[in-house]
Amino acid sequence: MRKKPIALLLLAILISLSLVGIAARMDPPEARADITEREAQLTTLPENQQGELLTALVKHYRDNDPLKSLAYGEQALTLFSKIPDDIRKVTVLNNMAWIYVSLSQYENAQLRTDQAKQLAKASNDPHGLFTAQTMQGIIYWRKADYQTALKTFEQAQEIAKQEKNLRGIASTTNYMAIIYQTLGQPEKALDYFIRAFNIQKEVGDEKSIAVSLNNIANMYGTSGNYSLALDYQLQSRKIREELNDLPGLAQILGNIGLTYFYLKDSEQALSYLQRSLGYYESLKDQQGIAEIHGNLGMVHLHEHQLESALLQYQEALALAKAIPDTALEARINIDLANAYIELDDPEQAFNQITTGLDQANKLGIVSLSAYGLLTLAKVEKLRGNSERALTLSAAALNSSQQLQDKRIVRDAHEFRYQLYKHLGQAEQALASLEAFKQVNDEMFNSESDQRMAFLLSHFEAEQQEQQIKLLQADQALQKTQLAQHTYQRNVWLGGLSVLFIILLLLVNRHHQRKINASLNQNIQSQRELIQAVAHEFRSPLARVQLAFDMLEEQFEQDKPTRLIDTINKGLSELEKLIKEALDFIQIESKSRPLHLSQVNLNKLLGELMDANSVLYPDKAFKLEVNPSEACLVKADSTQITRAFSNILRNAARFARSQVLISLKQEKSRILVIIEDDGPGIPTEQRERVFEPFVRLDQSRCRDSGGIGLGLALAKKICEAHGGALTISSSQLGGAKLSLACPLVNRESDNKNSSTKPAEH
């Protein structure tokens, strides 16, 4: 199965979601509680009073009934030609332009924005001028003229800065961020997204906050962190439902569907995508309909429903050409090429990929070009041009590594492994296979967190059910004892009965403890055995697979196809079982070797604080550091980040209003202290919080979430790095977790390394 990178699928959603956001910023919504009653009175009003009501009706129906809004807009323009009202006319023109953009009628949209700009300049209306300028940027953007769009947004932002319009500054910052992502500059894009989000929080614009939450989610999704992406998406969806924002709901439902697809839940993905398609069809948004058809094609292709996938892709391509939307057309051409590869049709696949790749290169969409290069490499392999396929896959790998798109990197390594194996180059094949497994493991770890959480949550629910049953049994026993005491007149007989019951309970408890201890020991032994077996089987299995594949190539004709397929299927199933077992155990045991490099704790804690500030907007985060101290530690960047993230999110969940992070550099170590003002943890139970799957009812509220594994993993990671994690009381009133990390010995590092270590 050939999967497209998530960045390509989410790009158009970023565009449309941000386009939806401008609707709320065109004009502050007028009071319209009685808008429907006033609408019925429109024809009875004198002409000199109709202009205000027509303008309100254009804005009222803009999102939910765009065609009706356009009809009122034309009526308003006719009226304003008789009775001039420049300010309202500019508002109507800009709202009509927005509707034409959502309907992909760019020429009509351009005409209305030109009229709005000219009139706004003449009437000295800076707000109307800003809106028209921004709309023109969106038009260039949708037509894939990214450089012109970027320049137009910069001009619009200058107008907003002169007017001190924070909403306008935030919106243009958001649009420029999406263009930077389109042009393959993810770090700059994320920086601009966070800038826009901070301004929108300051302003309190709920609709724009929902857009930014989704944009940030898409950035995390691109890096493979689907769990965090889904958190942001669900927050965005909640706001849109509260606002009854139908275009926004259409977009966010489609986006959530994509995230579920990459979490390998095709049923949920199809459900969300179909709901999104229904919204788009009711809104008559042709580009949105085309996007969803393309995404449905991707899901059907993944499920090997090739005919359904082709139908969906062809429908999407026809809509993209009709709009027209060259960027969308390019992406769907590449998708179609992958579908024809699955159908073993190299010539048709070649025609589609050359068209799509040429379009992507002309538009300058770097991520789309990388995806196209890898697809073209697959086509060349299918056509028998192995050397050409190697060259193209190397170019795709280099480009995707620069974009930090792990999905394309992983797929490129997997393709090169298969190609080297086909060419009989065993050494290169093994190297590509190891590279593929390393990247795939990194992506699988974040995806497995959710699977682990589900299993542990299910286990905990079963435990709670058993506790309820035991409690019910205990209550029944007490009632029986009371009944016996009522009827028993003999004090000695009653006393002996009570003593017998107590002894029975004690024996039962002792017996239960022995069973639990034995069960825990068996579970631990099984985990260790599975891990050991998986480690020992993995490398021999890879060699067997490679040797069998090379042996298969020796058959020139009369291949025992059925036998070969049976062996391949068995090896694949065995590889899958071993990998799943190893990954499951290693998440808990952390038995993988550490990849050490220099990590800047100042920067790392700042980034984690920013991310959690977005997730917990009602909590105040404060970071106390000394800017003059580098605070470098030698650690595995991925693991130490996970430890700090677990501790910080634990503090944020239980804090009432604030979380304090302190970073202190001592003689031989760096001390990181994370405190909260929550309910705290009793002294006698502080060590228990570091035990796996333990949650303390007395110290923390169970409604706060969590599975009891975060702090246990954080402690194991800290100890693996030679540090220590302790817990005490905070002056803020809650818990205080102190993490001590050994300080980097710079002199020894410089002697032992000829290159500068990587810094987080």
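For the structure itself, look to the data block above.
**Student:** I would appreciate a short explanation of the environment of Leu660 in the present structure.
**Tutor:** Structurally, Leu660 can be placed in strand S4 (residues 658–665). Classification of Leu660 as buried rests on a relative accessible area of 15%. The contact partners of Leu660, leaving out residues within four places of it in the chain, are Lys622, Glu624, Ile673, Ile674, Glu675 and Leu732.

**Student:** How should I be thinking about unusual backbone geometry in this particular structure?
**Tutor:** One can expect most non-glycine residues to show negative phi and most peptide bonds to be in trans. In this chain, Ile323 is followed by Pro324 through a cis amide linkage whose omega measures -10°. Checked against the element boundaries, Pro324 lands in the loop between helix H16 (306–322) and helix H17 (326–342). In this structure, His304 is a non-glycine residue whose phi angle is positive, near 60°. Backbone geometry at Asp344 places phi at a positive 60°, although glycine is not the residue there.

**Student:** Can you walk me through the sheet that holds strand S7 (residues 735–742) in this structure?
**Tutor:** Strand order in the open sheet formed by 5 strands is S2-S4-S5-S7-S6, with mixed pairing between adjacent strands. Strand pairing shows two members of the sheet lacking a second neighbour, strand S2 (620–624) and strand S6 (724–729), which therefore form its edges. The sheet shows a mean angle of 15° between the axes of neighbouring strands, direction not considered. As paired elements, S4 and strand S5 (residues 669–676) share 7 bridges and run antiparallel to each other. Within the sheet, the bridge partner assigned to Leu663 lies in S5 and is Val672. Sitting on the sheet, helix H25 (residues 601–615) touches S2, S4 and S5, and the angle it makes with S2 is about 175°. Taken strand by strand, helix H26 (residues 637–654) contacts S2, S4, S5, S6 and S7, and its axis lies near 25° from that of S5.

**Student:** Just checking my understanding: could you explain the packing of H26 against helix H27 (residues 710–720) for this structure?
**Tutor:** Packed helices, taken two at a time, are described by the angle their axes make and the gap between the axes. Two elements in contact, H26 and H27, have axes whose closest approach is 9 Å; the angle formed by their N-to-C orientations is 145°. The two elements H26 and H27 meet at a crossing, and its hand is left-handed. The segment H26 lies against H27, with Gln639, Ile640, Arg642, Ala643, Asn646, Ile647 and Asn650 engaging Gly710, Leu711, Leu713, Ala714 and Ile717. Of the residues in the contact of H26 with H27, the class split is 7 nonpolar, 4 polar and 1 charged.

**Student:** Any chance you could explain H17 here in plain terms?
**Tutor:** Each α-helix winds once per 3.6 residues, and so residues spaced three or four apart point in a common direction. When the terminal C-alpha atoms of H17 are compared, their 25 Å separation across 17 residues agrees well with the 24 Å that a helix rising 1.5 Å per residue should span. Burial analysis of H17 places 15 of its 17 residues in the buried class, the great majority of the element. Capping the start of H17 is the job of one residue whose side-chain oxygen sits 3.3 Å from the backbone nitrogen of Ala327: Asp325. Where H17 terminates, the next one or two residues include Asp344, which has phi positive at roughly 60°.

Rules and cut-offs
Residues numbered from 1 in each chain as written. Predicted model: local features only at pLDDT ≥ 70, side-chain atom pairs only at ≥ 80, totals over all residues. Heavy atoms only, no water. Helix = DSSP H or I, 4+ residues; strand = E, 2+ residues; numbered from the N terminus. Buried < 20%, exposed > 50% of the residue type's maximum accessible area, 1.4 Å probe, protein only. Contact = heavy atoms within 4.5 Å. Pairing = 2+ DSSP bridges. Axes fitted to C-alpha atoms, helices over the stretch in contact; angles between N-to-C directions. Left-handed = near helix turned anticlockwise from the far one by under 90°. Nonpolar A, V, L, I, M, F, W, Y, C, P; charged D, E, K, R; others polar. Expected span 1.5 Å × (residues − 1). Polar contact = N/O pair within 3.5 Å; in protein donor to acceptor, adjacent residues only side chain to side chain.

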